[in-house]
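# What the coordinates show
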Amino acid sequence: MKKFTFLFFTLFISLVVSAQKGEKLPEDDEKMMSYLTKIFEDQRKDYGKDQIEKKLAKMWLEGNDFTVGQKQQFRETLTLFIDTKSKIFPDYDNYIQAFMNFPNSGKSEAELKEWNDMVVRIYSDKKIKKYGAEFVESSLGLFRDLTFYKNESLQWKTNNSSYRFVFDSMPHISFDEMNLKCYSRGDSSVIYKTTGNYFPTLEKFYGNEGRVTWQRAGYDPEKTYASFNHYNIRIKESRYVIDSVMFYNEFFDKPLSGKLTEKIIGNKTEETATYPLFESSYQRLEIKNIVPNVDYQGGFTMSGKKLEGTGTQENPASLIFYREKKAFVIAQSLLFEIRPDRIQSSNTSIKMRLDSDSIFHPDLFFMFTKKTRNLELKRTENGISPSPFENTYHEVEMYFETVQWNIDAPYMNFGTFGSVPGGNADFESVDYFKEKRFSTLAGISNDHPVYILYRTGKALQSDSFNAIEFARQARTGVEQWIPILIDLTNKGYIQYDIETRNIVLLEKLYKHIENNRGNADYDAIQFISEVDRSENARFSLLT
């Protein structure tokens, strides 16, 4: 039964093709409409009645939509389709739909002739006939609603009818200045004031000049945008990359060079938008006075709503705060979030320069407010953030929540400034040592982790090494030691980088080993401050 069905289907197709072969389009208008209705009905029930009888026939027989010359072009083109055995779908259908939509396209009679001549040229050439369907489908979309590409998930449109059909080496559509818009999943993106050429056979748009703004992320399109010259887009995708652009933002006196990535993603608000995405070409840009008396070094990205200063492990992004024309506070992070009203980062190392000494912390929450010029540096409960501020100037370790500094003021405040009453600050001498507290660091282990670290450094003849080398010395896996390494960092014995797992042994580790062995003197100097929602200490910057 399957063989019989297959043979019948093959015979049916053959009959359809042969029925068209050698046929002529009826010269009588009404008979031509009947003929077209029939060949469409044979392929798709009710389609011929709907598209030919109700639409084309009405325009052709009753209206003044087409001139005599245009009707003759139509007949000649369909005769060519018959002779070249073109398909009812998509060839006949796309051409007839395009012809019916042309009167509302805003194009002239001469432009219709140019277009129709190009269709004839394509279908007359066996080498390029295969491109005919894509070309006519793009034409149909432009005539109907200025769309030149559309599939199930996206749509590309121009905003005006200033386009031309061109045929040199390949058929294409040339666009004068327009706004090029892509729609996908309820979202959209626009390239403003661009020109270019669309090649339907390649599904590529080659553009010249243009501008993409961050308006859908809530920014002023006249202040935040990327401009560019030559670019190309694979039009069947809702994502494209332009390698060379100039980025403008009110933060910068001069534009930044870099790369633009645009992607249309549905269900995004101004706050959650992640595109357009700009990435600066250089990761070591230096911008003087990004705000007065503050310099920036590093790279930049603009990801939707977020303008970010970016860096790498080797070259982190830096904000340098000046006091009396000297670099005073240096903040470094892999990422600074730069907003119109503030700059902030969740993981920032801080160094305050005090002549040849310093105050240092490896991991703080950082926030600088532009309007008030207040800098806030806060320890959190995450990772190595609970570690103390290392103050070599006063030779103390400082345990408190927050540093607050108006960068124009001659002092800093140390303390707790939240909504919860009560705040303690603990200042311990760098020579502070208690044997019992040191012993508790070992936990239930027979081998103290401070001594394992010491042996690792001695074996490698270095104060710096990776946690894997430490675990090898301990003859265990590395994962079980991570919480202990973080705790030792928070207590000032080492610096541990959670990302790279690199360890640096600090002076306190060596001192406490000698203290515990009884080979060195130590003290028990400790100051504790308790206050209610205020500063525990004020640090004068006057010399």
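Below, the structure is looked at part by part. Every value quoted in this text rests on a predicted model; they were computed, and no experiment measured them.

The rules behind each value
Residues numbered from 1 in each chain as written. Predicted model: local features only at pLDDT ≥ 70, side-chain atom pairs only at ≥ 80, totals over all residues. Heavy atoms only, no water. Phe/Tyr/Trp six-rings, centres within 6.5 Å; stacked < 30°, edge-to-face > 60°. Buried < 20%, exposed > 50% of the residue type's maximum accessible area, 1.4 Å probe, protein only. Lys NZ or Arg CZ within 6 Å of the ring centre and 35° of its normal. Salt bridge = Lys/Arg side-chain N within 4 Å of Asp/Glu carboxyl O. Helix = DSSP H or I, 4+ residues; strand = E, 2+ residues; numbered from the N terminus. 1 Å grid on protein atoms, 1.4 Å probe; cavity = no way out; pocket = protein on both sides within 12 Å on 5 of 7 lines; lining within 4 Å. Points joined across faces, edges and corners; volume = space filled by probe spheres on them. Nonpolar A, V, L, I, M, F, W, Y, C, P; charged D, E, K, R; others polar.

### Overview of the packing of aromatic side chains
A complete count under the given rule lists 43 aromatic pairs for this structure. Ring centres of F40 and Y47 lie 5.7 Å apart, and the angle between their planes is 35°; on these two criteria the pair is classed as tilted. Like F40, the residue Y47 is buried in the burial classification. It is K508 that lies over the ring of Y493; its NZ or CZ is 5.0 Å from the centre. One residue, R538, lies across the ring of Y411, its end atom 4.1 Å from the ring centre.

### Things to note about the pattern of salt bridges
Tallied over the entire structure, the rule returns 27 salt bridges. We note a salt bridge from R164 to D176, for which the minimum N-O separation is 2.9 Å. Separated by 12 residues along the polypeptide, R164 in strand β3 (residues 163-167) and D176 in strand β4 (residues 171-184) bring together distant segments of the chain. With a relative accessible area of 40%, R164 lands in the partly exposed category. K259 is paired through a salt bridge with E279; the nearest N and O atoms lie 3.8 Å apart. In this pair, K259 is assigned in strand β9 (residues 256-263) and E279 in strand β10 (residues 277-280), connecting sequence segments 20 residues apart. Among the residues examined, K259 registers a relative accessible area of 31% and is labelled partly exposed.

### Brief notes about the layout of surface pockets
The space that makes up the largest pocket amounts to roughly 730 Å³. If you trace the largest pocket, you find 27 residues lining it, with Q313, S349, P362, I384 and D497 closest to the centre. Those elements that provide at least two residues to the lining of the largest pocket are β15 (326-333), β17 (342-354), β18 (357-369), β26 (494-496) and β27 (502-505). Per element, the largest residue contribution to the lining of the largest pocket is five residues, and it comes from β17. Residue composition of the lining of the largest pocket, by class: 10 nonpolar, 13 polar and four charged.

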